[in-house]
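For reference, the chains in residue letters:
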Amino acid sequence: MCGRLIPDRSVSKAHREARMTATLDDTELEAGFERTIEHHDRIEPRDWMPEGYRKTLIRQIAQHAHSEIIGMQPEGNWITRAPSLRRKAILLAKVQDEAGHGLYLYSAAETLGVSRLQLTEMLIEGKQKYSSIFNYPTLSYADVGTIGWLVDGAAICNQVPLCRTSFGPYGRAMIRICKEESFHQRQGYELLMTMMRGTDEQRAMVQESVDRFWWPALMMFGPPDDESPNTAQSMAWGIKRNTNDDLRQRMVDMTVPQAEALGVTLPDPTLAWNEERGHYDFAEPDWDEFLQVIKGNGPCNAQRLAHRRRAHEDGAWVREAATAYAAKREATS
Ligand SMILES: [Fe+2]
Ligand SMILES: [Fe+2]
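Residues numbered from 1 in each chain as written. Chains lettered and ligands numbered in written order. Predicted model: local features only at pLDDT ≥ 70, side-chain atom pairs only at ≥ 80, totals over all residues. Heavy atoms only, no water.

Looking at an unreviewed UniProt entry, one finds the protein chain named 1,2-phenylacetyl-CoA epoxidase subunit A and attributed to Nocardioides anomalus.

So, in structure tokens, the structure goes:
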């Protein structure tokens, strides 16, 4: 994994010393942890960490990993119906990348003492969440482009700051993931640009798709800051580097000029440049809809989970065979 390629400069001197002294009590260990966070150094899996930090990270990394894997479904839906061999190859590569992202992230979570199997079971039992965006259907091939442009675009806004997150394995996984997300965004934009240069019908398909995905894409950053109770603690621990509203603003500012270049209208009549703020003003997404989707009542929640559950059950024999093979090798070596 990419972690091997990056020299480990991440453990502070104070924390290394703390690790060498077996007799440190909890207060001293906590002080060492706080110093590492203060110096923007990285916490590594063997370092002491508060239980709340570990739990928050497991929840966040698992939710992120689940999103990558569930996120393969809406686009995977179009692989067999891609309009050309070139588009099929691009889409296949993208969906495979998402599987890889899921695996890096499950591996990062495993360094915190949970297994990928446990996390998968929590997902299919509905005890852990994934991004709300993947509960919306993909109704036309333009959606492949819109997801690349807006959904991977939002993922980039969210994830670039996570390359500097305080937990080493998560930050290192994000570096590679972000490079691939940037390819995803470009392929989506290029597909939409090609369609916008095509027929009136193709242009209408793009506009209809953007109309459906704009608001759900803005919801990807989570609820407004004043309704996001975990944000302050996550920022204090250096897990999160920006608030939900900051990131949402960044996404809007980045996307408006791209929409103009593309020739599509974003479905928000209040969208306007605010000279004083130096940012675009925009309307609030429908937070009631967001709440319904995260509660499991979105258009595709049941379908996405049922599909994931089926894939997990269908793969049981592969896991059993691999485990038996590994045990046999160990016994004979
Ligand atoms: Fe991804
Ligand atoms: Fe992606």
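Here the narrative resumes, following the displayed structure.
Participant: Where do I start with the overall build of the protein chain in this structure?
Facilitator: Along its length, the protein chain carries 14 helices and two strands. The principal-axis extent of the C-alpha atoms belonging to the protein chain is close to 70 × 60 × 35 Å. Put simply, 78% of the contacts in the protein chain that link residues at least 6 apart link residues at least 24 apart. Surface accessibility of the protein chain: about 16800 Å² in total, with carbon and sulfur atoms responsible for 55%. Within the protein chain, one finds 40 positive and 47 negative side-chain charges whose respective centroids are separated by 8 Å. (Helix = DSSP H or I, 4+ residues; strand = E, 2+ residues; numbered from the N terminus. Contact = heavy atoms within 4.5 Å. Areas by Shrake-Rupley, 256 points an atom, 1.4 Å probe, with all protein chains shown as cover. Lys, Arg positive; Asp, Glu negative; His and termini not counted. Charge placed at Lys NZ, Arg CZ, Asp CG, Glu CD.)

Participant: Where do I start with the coordination of the iron ion (ligand 2) in this structure?
Facilitator: Think of it this way: four donors in a tetrahedron around the metal ideally sit 109.5 degrees apart, and six in an octahedron ideally sit 90 or 180 degrees apart. The protein atoms that coordinate the iron ion (ligand 2) are E98 (OE), D152 (OD), E181 (OE) and H184 (ND1), at distances of 2.0 to 2.2 Å. For the iron ion (ligand 2), the four donor atoms are set out with angles of 88 to 154° between them, so the coordination reads as irregular. Look at where the donors of the iron ion (ligand 2) fall in the sequence and you get E-x53-D-x28-E-x2-H. Taken as an interatomic distance, the gap from the iron ion (ligand 2) to the iron ion (ligand 1) is 3.4 Å; E98 donates to each of them. (Donors = N, O, S within 2.8 Å, 3.2 Å for Na, K, Ca; no water. Tetrahedral: all angles 85-135°; square planar, octahedral: opposite > 155°, others 65-115°.)

Participant: What am I meant to see in a negative patch on the surface here?
Facilitator: Negative charge collects at one region of the surface, where D25, D26, E28, E30, E34 and E38 lie side by side. Counting through the fold element by element, E38 comes out in helix α2 (residues 26-38). Look at E38 and you get exposed, because its relative accessible area is 58%. (Patch = residues over 30% accessible without salt bridge, like charges linked within 9 Å, V, L, I, M, F, W, Y side chains within 5 Å. Salt bridge = Lys/Arg side-chain N within 4 Å of Asp/Glu carboxyl O. Buried < 20%, exposed > 50% of the residue type's maximum accessible area, 1.4 Å probe, protein only.)

Participant: Can you help me understand the coordination of the iron ion (ligand 1) in this one?
Facilitator: Protein coordination at the iron ion (ligand 1): the donors are E68 (OE), E98 (OE), H101 (ND1) and E181 (OE), at 2.0 to 2.2 Å from the metal. Taken together, the four donor atoms surrounding the iron ion (ligand 1) define angles of 84 to 139° at the centre, an arrangement classified as irregular. What makes E68 buried here is its relative accessible area of 6%.

Participant: Looking at this model, I keep getting lost on the pattern of salt bridges. Mind explaining?
Facilitator: Oppositely charged side chains can pair when the atoms bearing their charge come close. Inspection of every chain in the model, using the stated rule, returns 14 salt bridges. Residue R248 is joined to D245 by a salt bridge in which the shortest nitrogen-to-oxygen separation is 2.8 Å. Of this pair, R248 and D245 both sit in helix α11 (residues 244-262), three residues apart, roughly one helical turn. In this structure R248 comes out as buried when scored by relative accessible area, which is 2%. By relative accessible area, which is 30% here, D245 ends up partly exposed. Connected via shared salt-bridge partners are E75, K94, E98 and D152.

Participant: For this particular structure, what's the right way to read the confidence of the model for the protein chain?
Facilitator: Interpretation of the predicted coordinates at a detailed level should be avoided for regions scoring low in pLDDT. Within the protein chain, residue pLDDT values average 92, and 93% of them lie at 70 or more. Throughout residues 1-10 the model reports pLDDT below 50, and contacts reaching past four residues in sequence, or to other chains, amount to 14 contacts. (pLDDT = per-residue confidence, 0-100.)

Participant: Hey, could you run me through helix α6 (residues 116-124) in this one?
Facilitator: An α-helical segment advances 3.6 residues per turn. Residues three or four places apart therefore align on the same side. Where α6 is concerned, the buried positions are L119, T120, L123 and I124. Along the long axis of α6, the arc covered by the buried residues comes to 130°, so they all point the same way. Buried residues in α6 make contact with α3 (51-70), α5 (85-110) and α13 (301-314). Where α6 ends, the next residue or the one after it, G126, has phi of about 75°, a positive value. (Arc of directions from axis to C-beta.)

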